[in-house]
Amino acid sequence: MTAHKPGDPTTLNRLYGRSKGKRLRSEQSDLVENLLPQIAVPDEGVLTSESLFGDARSMHFEIGFGGGEHLAQRADMLPDHGFIGCEPFLNGVAMALTHIRDGALHNVRLHMGDALDILRRVPDGSLSFVYLLHPDPWPKARHAKRRMMNDGPVNLIAAKLKPGGEFRFGTDHPVYLRHALMVMQRHRDQFDWLCEKPSDFQNRPGGWPETRYEAKARRLGHEVWYFRWRKR
């Protein structure tokens, strides 16, 4: 019965899919136990640049960072920016912690859980970038409301981005591609699509590191699409 209730991730108020997979290695368990508490997003309070990083800086927010490859590389590219990453999958968080440790990154804060809970606590108009890269496509029509690319989350993203801020979305799933474009078509009053020709969404832009999911999609022969929207 739950599958037929109306809504989207902002109203369903639950996470779908796995929270953990195979057993962590001892090194990973140590990182989760010792490094994660040091860089975890606080449990309460408004999440400003000053409260998280101690100063005023541009902030980036990644929804579902997977193994953390993109998050860590972007943070390494932009050491004077602050990055918030959210991921409910324990094994992905453990992988991200490895990248953060190996890169000696001090400008990343992580949350293991629902990204929308954290995004709501970010002040409106304070983010420079929001990333939604290769999210679960939930390809069955009755599960479409579980997709993060839906009106509720997009409205929330628009509220949190500053004017001129950028929303990046990537997928290799044709069903999700069509769904996402239909959703964003309804939000033309909030976003401008940064696209002048097909190659703009067919080729990965500069400064957009590859995720492990994108690499897997390419190995499987899938086409990958890249989208950039600017907040009006």
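Residues numbered from 1 in each chain as written. Predicted model: local features only at pLDDT ≥ 70, side-chain atom pairs only at ≥ 80, totals over all residues. Heavy atoms only, no water.

With mixed pairing, 7 strands are arranged side by side in an open sheet as β3-β2-β1-β4-β5-β7-β6. The open sheet has two edge strands, β3 (108-111) and β6 (191-193), and neither has a second partner. Adjacent strand axes in the sheet meet at a mean angle of 20 degrees, parallel and antiparallel pairs treated alike. Of the pairings in the sheet, the one linking β6 to strand β7 (residues 225-231) comprises 3 bridges and is antiparallel in character. Across the sheet, Phe191 pairs through a bridge with Lys231, a residue of β7. Each of β5 (161-171), β6 and β7 touches helix α8 (residues 174-185); the most contacted strand, β7, lies at about 15 degrees to it. (Pairing = 2+ DSSP bridges. Helix = DSSP H or I, 4+ residues; strand = E, 2+ residues; numbered from the N terminus. Axes fitted to C-alpha atoms, helices over the stretch in contact; angles between N-to-C directions. Contact = heavy atoms within 4.5 Å.)

A few words on the environment of Ala159. Inspection of the secondary structure assignment puts Ala159 in helix α7 (residues 151-160). Judged by relative accessible area, which is 29%, Ala159 ranks as partly exposed. Here the alpha-carbon distance between Ala159 and Lys231, two residues 72 residues apart in the chain, equals 9.1 Å. Discounting residues that sit within four places of it in the chain, Ala159 has contacts with Asp124 and Gly125. (Buried < 20%, exposed > 50% of the residue type's maximum accessible area, 1.4 Å probe, protein only.)

Counting buried positions over the 7 residues of strand β4 (residues 127-133) gives 7, a clear majority of the element. Taken together, the 6 bridges between β4 and β5 define a ladder with parallel strand orientation. Note on β5: the bridge partner recorded for Tyr131 is Arg168. Taking the sense of rotation as the criterion, the β-α-β connection linking β4, α7 and β5 turns out right-handed. (Right-handed = clockwise from strand over helix to strand, strands pointing away.)

Quick look at the UniProt feature "binding site: S-adenosyl-L-methionine" (unreviewed entry) in the chain now. Here, the residues flagged by UniProt with the feature "binding site: S-adenosyl-L-methionine" (unreviewed entry) are Glu62, Glu87, Asp114 and Asp136. For this annotated set, covering 75 residues, all C-alpha atoms fall within 14.3 Å of each other, a compact arrangement in space. Looking at the element boundaries, Glu87 is found in the loop between β2 (82-86) and α5 (90-102). By relative accessible area, which is 9% here, Glu87 ends up buried. Excluding residues that lie within four positions of it along the chain, Glu87 makes contacts with Gly64, Phe65, Gly66, Val93, His111, Met112 and Gly113. For Asp114, a relative accessible area of 13% translates into the label buried. For Asp114, the side chain forms a polar contact with the main-chain nitrogen of Leu116, separated by 2.9 Å. (UniProt positions renumbered as here; feature names shortened; annotations may be inferred. Polar contact = N/O pair within 3.5 Å; in protein donor to acceptor, adjacent residues only side chain to side chain.)

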